[in-house]
Each structure stands twice: as C-alpha cells, then as structure tokens.
Amino acid sequence: MIVCRSAEEIDKLARVNALVAQVLAELMRVVEPGVSTLDLDQLAERRLREAGALPAFKGYHGYPATICASVNEQVVHGIPNARLLTSGDIVSVDMGAKLDGFFGDSAVTVPVGIVTAQAQRLLDVTSASLDRALSAVTPGNRVQDIGAAVQQHVEAQGFSVVREFVGHGIGTALHEEPQIPNYGTPGRGARLAEGMVLAIEPMVNAGKPAVKVLSDGWTAVTKDGSLSAHFEHTVVVTAEGCRILTLRPAGA
Ligand code: MF3
Ligand code: CO
C-alpha cells in the first residue's frame, strides 16, 4: 500500500527534509581538495544532532555512518573514510535524517576542484534527469513514468541508468512503497495520488550500467570503472504536480 499523508504529516516531513537540504548545502560548500569524506560525515552528524534529529542511515542494516559518500566510480553507499579528496574527483553525498517520527532523504554529486568536461557533463545530465523525473510527478501519472523520464534523458546523452538500486516512498520509515526504478515504460505501475511522498534518485554511469558491491558489503561501484553520479530529492505529490521538500536554499 502506498500511503497518502495528511497536511500535518506533510508539515513534519517538510521540516525534516528542509533540515536534510540545509545540511547538504553546507556539506557542498565544504567539499574541496584536502577534505575527507570522514570530515563531511562528522560535520553532518553534528548538524543533525544539533537540530534534534537523528542520522537515518547509521545503524540501518548495520550501515556505519551518517552519510554515504561515493567517489568517482563508486555509485552509491560509499562508506566515509579518511582519504583526502583531490581535484578532479566527483563525490556523491547522500544523507537521511529522522525528526519527530518522520524521515528525510536527499543526495547530490559535486565536483572537487577542477573536473574533466566529461565528468561535468555526467553531473549535469544526471541532475537534469532528476528534474525530468520530477516533471513526471503529478496525480494520475504512473510510477514508471518517472523512471521512463530519467531513462529517456540519460540514454539520449549516451550514459546509462543503474538498475540495481531504486527510489522509494518515504515517511515514517526510510523506505516505503512504492519502489521507483530509474527506467520503465510510460503508463505502467501504480497511479500517483496527492499526498504520496517519494524519494526519487537517479544513479547514472558514464559507461555501462552494470554495478558490483565491494567486499565491505556496502560500496557499489561500476563494473567497468566508469564514473557514476547520483542525485536525490524527496517530494510530495500535490494537486498541481509535486513540491520538492529537499530544495536547497538558492545559491547553495
Ligand atoms: N538514499 C539511499 C536510500 O534511500 C541511501 C541509503 S543508505 C543506507 O536507500 F545506509 F541507509 F542503506
Ligand atoms: Co533514498
């Protein structure tokens, strides 16, 4: 069953997701050569706790950190570590939080220093694919309209969509129904309705779509070693389309 949230519940979801967006914006400003993903993780956890929230990923199926930090060929679920980021890297920062019983979830991939034109194009195409996905979110549309919008844009640009990980409903649990693949056939899947809250998160590889999980049990990497990018917003379906709950303050 896909839950439709009341106005009061949406207020709570808006609050925790705004916090996620604000902390993510700060992390984006901190990213530069010489900073480690562990530094980002510690800052993220401090900011969430200062706001009275809890990290949502820490302890989830044993995940050890507040953020997922996935560098270069890492697709998702990279575990923060002390290695220093260097110019030319791209780093996906994914963060979830829990506040007042409700969850927030958002991710962004940022360049470190100066990156190649190809890396920048991957970031731009993946971000734009999320925008296309959000444009497909409106009452009466279907879940696969979302993935189809991502897939169409990504493949037209010569990149590929990761199949093994999906977006999801979100509310009083981090992962709720429905699953939201980043590929699909328009007109298929569950019908979207006002009040549904969805975390939409395209993962896009510069090369082939295949991924594998490293021996740490978490880090997903591209099989061909190509770069990968990941963007995620949590949104609520409204009468007019959708409202992005993880919108970052302008300029962030
Ligand atoms: N944004 C990802 C998701 O929704 C991150 C989850 S990391 C985990 O699944 F540690 F919580 F698994
Ligand atoms: Co998510």
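What you see is a predicted model; the values in this text were computed from it and never measured.

One pass over the full model with this rule turns up one cavity of 30 Å³ or more. Taken as a whole, the largest cavity encloses approximately 40 Å³ of empty space. Per-class residue counts for the lining of the largest cavity are four nonpolar, one polar and three charged.

Turning next to the site of ligand 1. Around ligand 1 sit 13 residues in total, of which Asp 94, Asp 105, His 168, His 175 and Glu 232 are the nearest. Here a nitrogen atom of ligand 1 sits 2.6 Å away from a polar atom, N or O, in the side chain of Asp 94. The side chain of Glu 201 places a nitrogen or oxygen atom 3.1 Å from an oxygen atom of ligand 1. If ligand 1 stood free it would expose 330 Å²; the protein chains cover 94% of that surface. One can see that ligand 1 is located within the largest pocket. Here the residues of the shell around ligand 1 sort into six nonpolar, three polar and four charged.

Quick look at the pattern of salt bridges now. One pass over the full model with this rule turns up nine salt bridges. Ionic pairing is found between Arg 5 and Glu 176, a salt bridge with its closest N-O pair at 3.2 Å. A residue pair is termed long-range when its members are at least 10 positions apart, and Arg 5 in the segment before α1 (7-30) and Glu 176 in strand β8 (residues 176-180) qualify at 171 residues. In this structure Arg 5 comes out as buried when scored by relative accessible area, which is 12%. Take Glu 176: its relative accessible area is 18%, and that puts it in the buried class. For Asp 100, the salt bridge identified is with Lys 12, shortest N-O distance 3.8 Å. Highlighted residues: Asp 100 in the loop between β4 (90-99) and β5 (102-111) and Lys 12 in helix α1, separated in sequence by 88 residues. Here the residues in one salt-bridge network are Arg 5, Glu 9 and Glu 176, joined through shared partners.

Take helix α2 (residues 37-50) next. Taking 1.5 Å per residue as the helical rise, α2 with its 14 residues ought to reach 20 Å, and the 20 Å between its terminal C-alpha atoms agrees with that figure. Along α2, the residues classified as buried are Thr 37, Leu 40, Asp 41, Leu 43, Ala 44, Glu 45 and Leu 48. Buried residues belonging to α2 abut α1, β1 (54-55), β2 (67-71) and β4. Immediately downstream of α2, the backbone of Gly 52 shows phi near 85°, a positive value.

Before going further, it helps to examine the layout of surface pockets. In this structure, the largest pocket encloses a volume near 370 Å³. If you go around the largest pocket, you meet 23 residues; those closest to its centre are Tyr 60, His 77, His 168, His 175 and Glu 201. Considering every element that reaches the lining of the largest pocket, the biggest residue donor is β8, with four residues. Across the lining of the largest pocket, the residue classes tally to eleven nonpolar, six polar and six charged.

Turning our eyes to something else, we now look at the sheet that holds strand β13 (residues 228-230). If you trace the three strands from one edge of the open sheet to the other, you get β6-β10-β13, paired in antiparallel fashion. The open sheet has two edge strands with one neighbour each: β6 (160-161) and β13. Pairing geometry for strand β10 (residues 203-205) and β13, over three bridges, is antiparallel. Among the inter-strand pairings, Met 203 is bridged to a residue of β13, identified as His 230. Relative to β13, helix α3 (residues 117-135) is tilted by about 35°, and along the sheet it contacts β10 and β13.

Analysis parameters
- Numbering of residues starts from 1 in each chain and follows the order in which that chain's sequence is written.
- Here the convention is simple: chains get letters from A, ligands get numbers from 1, in the order in which they are written.
- In keeping with the model being predicted, local features are shown solely for residues with a pLDDT of at least 70 and side-chain atom pairs are shown and tallied solely at 80 or more, while totals for entire chains, interfaces and linings include all residues.
- The side-chain figures draw on all heavy atoms in the structure; neither hydrogens nor water molecules are used.
- Of the two site types, the cavity is a set of points on a 1 Å grid over the protein atoms alone where a 1.4 Å probe fits but cannot get out, and the pocket is an open set with protein on both sides within 12 Å along at least five of seven lines, each lined by residues with an atom within 4 Å of a point.
- Grid points are joined across faces, edges and corners, and a volume is the space filled by probe spheres set on the points.
- Three classes are used: nonpolar for Ala, Val, Leu, Ile, Met, Phe, Trp, Tyr, Cys and Pro, charged for Asp, Glu, Lys and Arg, and polar for all others, with Gly counted as polar.
- The near set for a molecule or strand comprises every residue that places at least one heavy atom within 4 Å of it.
- Whenever a nitrogen or oxygen atom comes within 3.5 Å of another N or O atom, the pair is scored as a polar contact, on the condition that within protein one atom can donate a hydrogen and the other can accept it, and that pairs from neighbouring residues in sequence are kept only if both atoms are in side chains.
- In these tables, accessible area is a Shrake-Rupley quantity obtained with a 1.4 Å probe, and a residue counts as shielded only by the protein chains included in the view.
- Grid points define the cavity or pocket, and a molecule sits in it when more than half of its atoms lie within 2 Å of them.
- Note on definitions: salt bridges are taken to be side-chain nitrogens of Lys or Arg within 4 Å of carboxyl oxygens of Asp or Glu.
- We count a stretch as a helix when DSSP gives it H or I for four or more residues in a row; a strand needs E for two or more, and each element gets its number in order from the N terminus.
- Per-residue accessibility, obtained with a 1.4 Å probe over protein chains only, is compared with the maximum for each type, and a residue is labelled buried under 20%, exposed over 50%, and partly exposed between these values.
- Here the expected span of a helix is defined as 1.5 Å times the quantity of residues minus one.
- Residue contacts follow a heavy-atom distance rule, with two residues in contact if any of their heavy atoms lie within 4.5 Å.
- DSSP calls a pair of strands paired once it identifies at least 2 bridges connecting them.
- With axes taken as lines fitted to C-alpha atoms, and helix axes fitted only over the stretch in contact, angles between N-to-C directions fall between 0 and 180 degrees.

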